[in-house]
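Notes for the structure review
Each chain is listed here by its residues.
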Amino acid sequence: VITAGVDAGAATTKVVLLRDTGIAGFQVRSSGYHFLSVADTIFRDLLAASDIRREEVSSVCATGYGRGSIAFAGSTVSEITAHARGVHFLFPEMRGIIDVGGQDSKIIVLEGGRVTDFLMNDRCAAGTGKFLEYTAKSLEVPVELLGDLALSSRNPAGITSMCTVFAESEVISLRARGVPREDIAAGLIASIAGRIVSMARRMGLSERVAFVGGVAKNRGMRDALERGLGFPLTVPPEPQITGALGAAMTARGSGEKKSSSGD
Amino acid sequence: MPPTLRSLDFFRDSYEIRVAQLKEERAAGRRIVGTFCLYVPDEIILAAGADRVMLCGGSADTIPVAEQSLPRNICPLVKSSFGAVIDACCGGTLACPHVGLVDAVVAEATCDGKKKMYEILPSSIPTCVFDLPQKPESPEARAYFTSELRRFGRFMEDLTGRDLTDDALRREIRSANETRRVLHRLFDFRMQDPPPIRGSDVLRVMQKQFFLSPDQFREGITRLCEELEQVTPAPRKGPRILISGCPMASGNAKIAEILEGRGAAIVAEESCTGTRSFWDPVDEGGDPWKALAERYLGITCACMTPNEGRIARIVDLAGKYRVDGVVYYTLQFCHAYNIERLRVQQALKGEKIPLLAIESDYGDSDREQIGIRVDAFLEMIS
């Protein structure tokens, strides 16, 4: 059986093809304006690249902010459940997930792959990838390099504002005072990490925690989180695709359910 | 999906009927009192020969007017209510017309937002504020509250020019208890699985409890109960949910709509627009003033401390209504309910009942974000 999972996220869209034997292929691309057309293009490209015909895919499940607009998906699932299933597939021993995406950050508590509690921050950009993207711009550094830059800092600057807009003005005044770029970068990372650490503590996470989402690719961020939490994090080789992977796993079950309930 | 209930039409269409009635009463010389809170005993107002109407705002429309005078980061219920009052006083068009029909406001010292709002109500509206001891367990607190209720009674006598007799008060207590019994009957239907009525429908009915006259309201609920005896609900799909937290004033059904839109079956509300308004009766024997003080001080608003009664009530309701999860709803900046969440959460955790906390205002901008959390919560407890 082959199924597909689409994670139409705020910043990027991810598609995963899943076979019984494991992941058959995946792609990650910027979400663009139209969730559906981007997802559709990725899906077609991925099928071609994986040498799988559309008819071979028994069902498609969508997750992410744009999941409602993915017309070719037969079912949908929330990001929380999707990440839980994806992470459990990759690392069955995990007890928690920290997901920092483009538009929100989430803490998920797991018990045997099932979600038992979760916490989301999505009311503003604080504690999200957007914060890093925005403030990296004010440092004139590509966001991908922000983490490495931060790692070279020996004296991180204090950034007190959680608000993205105010943090940018702090960055500008630090620049004006001649504070080195790497110290400001480290300060930005520390500020967002502090927020996520307190969310994780509130949910009682302690060890066996996976760090996923686009921001998990940021080495400096991972480092700051591990120091704040006091235990190492597990980062999958492709931390952006756990949601789409979980959706593809959900599609395995929903194919049968759909035919029996008839809706 | 629960069936369409024809007896709900009355509640939906009752606004004009009630406003016309209030206008008629007023023209005939009856005084109308505006209220904002469950702690104001209806019985005292009615026994003095006046009528009453609840003024709590649940609409976002009147908030911009209020924000000309009030800070933005305070409770939306206070802003919405205040906006409606000042707009009605300046002849604005946004406010509900019934706000302009009140001769006086009777207010209680509950939360900071409301207390400070009462201080700045237009001087054209006579306002009686009575005190509310917020550590209500002691006999001294009850004695003091009794004296405050008597003072409120004298205010009512002055307003109506009529004597407020103990007999009249006992009559109103019996009448209000009858309404409470009828509401218990309505809520008992919701213990069934599947529930025969939608939570959002019950909410819209409860929002009329202190707007309609007691007779109109009781008759409407009785008709609804009779209809519910006849219906056979279709099988339930989503999990059974108890909503617990802040009031949802008329105009605000956002959380109920989101929950039902995502497949939940709301089976009870522990709130001012739910069980808190009717659960406990007033003792019909003995001194009516003491009985009122006893019952009304027992209301488990989060302004009280330590408020153990509320925690116990939530756990009790979760069991009685066989809920799969609790949605803890708070209005933004409502510190009392927001902080009390932690103790509710701990108590429910002990009972292995999952809780989803949602803090929101009257705007629509967070509907999708709340929906995402609700989806995840419903998946988690299904």
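Source: prediction; values computed, not measured. (Residues numbered from 1 in each chain as written. Chains lettered and ligands numbered in written order. Predicted model: local features only at pLDDT ≥ 70, side-chain atom pairs only at ≥ 80, totals over all residues. Heavy atoms only, no water.)

Right, let's get into the sheet that holds strand β6 (residues 96–100) of chain A. Residue and element names in this part refer to chain A. Taken in spatial order, the 5 strands make up an open sheet running β8-β7-β6-β9-β10, and their pairing is mixed. Both outer strands of the open sheet, β8 (114–121) and β10 (233–234), are each paired with one neighbouring strand and no more. With 4 bridges joining them, β6 and strand β9 (residues 209–212) adopt parallel strand pairing. The partner of Gly96 across the bridge, within β9, is Val209. Each of β6, β7 (105–111), β8 and β9 is contacted by helix α2 (residues 79–90), which is oriented at about 55 degrees to β7, the strand it contacts most. Along the sheet face, helix α6 (residues 181–202) touches β6, β7 and β8 and points at about 145 degrees away from the line of β8. (Pairing = 2+ DSSP bridges. Helix = DSSP H or I, 4+ residues; strand = E, 2+ residues; numbered from the N terminus. Contact = heavy atoms within 4.5 Å. Axes fitted to C-alpha atoms, helices over the stretch in contact; angles between N-to-C directions.)

Residue and element names in this part refer to chain A. Orientation of helix α3 (residues 129–138) relative to helix α5 (residues 164–176), taken along the N-to-C sense of each, is 25 degrees, at an axis distance of 9 Å. Taken together, the axis directions place α3 and α5 in an arrangement best described as roughly parallel. The way α3 lies across α5 gives a crossing that is right-handed. The residues of α5 that touch α3, namely those facing Phe131, Tyr134, Thr135 and Ser138, are Thr164, Ala167, Glu168, Val171 and Arg175. Residue composition of the contact of α3 with α5, grouped by class: 4 nonpolar, 3 polar and 2 charged. (Parallel < 35°, antiparallel > 145°, perpendicular 65-115°, else oblique. Left-handed = near helix turned anticlockwise from the far one by under 90°. Nonpolar A, V, L, I, M, F, W, Y, C, P; charged D, E, K, R; others polar.)

What follows concerns the sheet that holds strand β2 (residues 51–54) of chain B. Residues and elements named next belong to chain B. Taking strand neighbours across the sheet as the criterion, the 4 strands line up as β2-β1-β3-β4 in an open arrangement whose pairing is parallel. The strands lining the two open edges of the sheet, one partner per strand, are β2 and β4 (127–130). Strand-to-strand twist across the sheet, computed as the mean angle between neighbouring axes with direction ignored, equals 25 degrees. Relative to strand β3 (residues 104–108), strand β1 (residues 32–35) is paired through 3 bridges, and the arrangement is parallel. Counterpart to Gly34 in the pairing with β3 is Val105.

Bringing the environment of B:Lys115 into the picture now. Residues and elements named next belong to chain B. Relative to the helices and strands, Lys115 resides in helix α5 (residues 112–119). Its relative accessible area of 29% is what places Lys115 among the partly exposed residues. Considering only alpha carbons, one finds Lys115 and Val78, 37 residues apart in sequence, at a separation of 9.8 Å. (Buried < 20%, exposed > 50% of the residue type's maximum accessible area, 1.4 Å probe, protein only.)

Residues B:Phe152 and B:Met156 are the most contacted members of the largest nonpolar core, which totals 145 residues. Apart from residues no more than four positions distant in its own chain, B:Met156 is found in contact with B:Val33, B:Ile44, B:Ile45, B:Ala48, B:Ala50, B:Val106 and B:Leu164. Formed by 40 residues, the second largest nonpolar core is a distinct cluster that contains A:Ala157, A:Ala185, A:Met199 and A:Met203. (Core = buried A, V, L, I, M, F, W, Y, C linked by side-chain atoms within 4.5 Å.)

For the rest of this paragraph, the subject is the side chain of A:Ser78. Looking at where A:Ser78 falls in the secondary structure, it is placed in the loop between β5 (75–76) and α2. Among the polar contacts made by the side chain of A:Ser78, one reaches the side chain of A:Thr81 at a distance of 3.3 Å. At 2.6 Å, the side chain of A:Ser78 forms a polar contact with the side chain of B:Glu379. If we ignore the near neighbours within four places in the chain, the residues touching A:Ser78 are A:Thr63, A:Arg67, B:Ile372, B:Asp375, B:Ala376 and B:Glu379. (Polar contact = N/O pair within 3.5 Å; in protein donor to acceptor, adjacent residues only side chain to side chain.)

Moving on, we get to the packing of aromatic side chains. Two numbers describe a pair of aromatic rings. These are the distance of the centres and the angle of the planes. Residue and element names in this part refer to chain B. All told, the structure shown has 9 aromatic pairs over all chains when counted by the stated rule. Ring geometry for Phe278 and Trp279: centres 5.8 Å apart, planes at 50 degrees, overall tilted. Pair check on accessibility: Phe278 and Trp279 agree, each one buried. By way of ring pairs, the aromatic residues Phe10, Phe11 and Phe217 are connected into one cluster. Cation over ring: Arg223 sits above Phe10, and NZ or CZ is 5.1 Å from the ring centre. (Phe/Tyr/Trp six-rings, centres within 6.5 Å; stacked < 30°, edge-to-face > 60°. Lys NZ or Arg CZ within 6 Å of the ring centre and 35° of its normal.)

This paragraph deals with the interface of chain B and chain A. Counting residues at the interface gives 17 residues for chain B, matched by 18 residues for chain A. Roughly 1500 Å² of surface becomes buried between chain B and chain A when both sides are summed, with 42% attributable to carbon and sulfur atoms. Considering only the side of chain B, the residues that lose the most area to chain A are B:Ile372, B:Arg373 and B:Met380, jointly responsible for 40% of the buried surface there. The salt bridge involving A:Arg67 is made with B:Asp375; its shortest N-O contact spans 2.4 Å. Taken together, the links from chain B to chain A amount to 5 residue pairs in polar contact (both at pLDDT 80 or more). Among the secondary structure elements, those contributing two or more residues to the side of chain B that touches chain A are α13 (335–350), β8 (355–360) and α14 (367–381) of chain B. Here the side of chain B that touches chain A gets 8 residues from one element, more than from any other, and that element is α14(B). (Buried area = accessible area lost by both parts, 1.4 Å probe. Salt bridge = Lys/Arg side-chain N within 4 Å of Asp/Glu carboxyl O.)

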